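Coordinate analysis (summary)
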Amino acid sequence: MTHYPSRLLTLALLLLTGCTQSDHRAAGAQALREGELAAFAQDWSGKDAARIAAHFTNDANLMLPNAPTVTGSGAIASTMKDVFTDPHWSLALQPVQVEASAAGDLGYARGTYVLTATDPASNKVATEKGRFVAIFRKQADGSWKAIQEITNAEAPATVQ
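Residues numbered from 1 in each chain as written. Predicted model: local features only at pLDDT ≥ 70, side-chain atom pairs only at ≥ 80, totals over all residues. Heavy atoms only, no water.

Digging into the pattern of salt bridges
What the rule picks out here adds up to two salt bridges. With its nearest N and O atoms 3.5 Å apart, the salt bridge here joins Arg-25 to Glu-99. One end of the pair, Arg-25, is in helix H1 (residues 3-45); the other, Glu-99, is in strand S3 (residues 90-100), with 74 residues separating them in the sequence. What makes Arg-25 partly exposed here is its relative accessible area of 37%. Owing to a relative accessible area of 27%, Glu-99 belongs among the partly exposed residues under this scheme. Of the charged contacts in the structure, one is a salt bridge between Asp-43 and Arg-51, with a shortest N-O distance of 3.1 Å. Among the residues examined, Asp-43 registers a relative accessible area of 9% and is labelled buried. On the basis of relative accessibility, which here comes to 47%, the residue Arg-51 falls in the partly exposed class. (Salt bridge = Lys/Arg side-chain N within 4 Å of Asp/Glu carboxyl O. Helix = DSSP H or I, 4+ residues; strand = E, 2+ residues; numbered from the N terminus. Buried < 20%, exposed > 50% of the residue type's maximum accessible area, 1.4 Å probe, protein only.)

Below is the structure:
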């Protein structure tokens, strides 16, 4: 009989812990979606390499189609400066799913993109549709920064 109350207490604590983890996940995902991810998508649609690079950690990896992995926010800024010399370059990101870990320190976003740029082979404007996954880590100041991002095209770009 004496074990019955302790079992109930243990069960109640486990249930509360589960709710707390679920609450952390939901709060983390909401913060990531409404804060960092909204700014991340908006800044990618612009042509400011420094603003884009500021969304990445110093050791982040950016993996773009048909290109070597770019590592570090400084290298990402340099790469994007080169990309932005294309007057036709534009990018629209559409997040589809955003999740956060139970601890609230890691999160990811999965979505689609539409990229318009000059095709180097034909010098004509081309549009590429694809998918992306970005993994974010919560920083000591409470902000989120991307630590990994990978994109891949759904099909070859269409020349206009």
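Some points on the nonpolar core
The biggest cluster of nonpolar side chains holds 27 residues, and the ones touching the most others in it are Phe-40, Trp-44, Phe-56, Met-80, Trp-89, Leu-93 and Phe-136. Those elements that provide at least two residues to this core are H1, helix H2 (49-53), strand S1 (56-63), helix H3 (73-83), S3, strand S4 (106-118), strand S5 (125-138) and strand S6 (144-153). Examining the composition of this core, we find that five residues originate from one element, H1, more than from any other. Apart from residues no more than four positions distant in its own chain, Trp-89 is found in contact with Trp-44, Gly-46, Lys-47, Met-80, Val-83, Phe-84, Leu-115, Thr-116 and Ala-117. (Core = buried A, V, L, I, M, F, W, Y, C linked by side-chain atoms within 4.5 Å. Contact = heavy atoms within 4.5 Å.)

Quick notes on the environment of Ser-45
Within the element layout of this structure, Ser-45 appears in helix H1. Ser-45 sits in the partly exposed class, given a relative accessible area of 42%. As a C-alpha pair, Ser-45 and Leu-91 span 46 residues in sequence and 4.9 Å in three-dimensional space. Reaching out from Ser-45, the side chain makes a polar contact with the backbone oxygen of Gln-42 at a distance of 2.6 Å. (Polar contact = N/O pair within 3.5 Å; in protein donor to acceptor, adjacent residues only side chain to side chain.)

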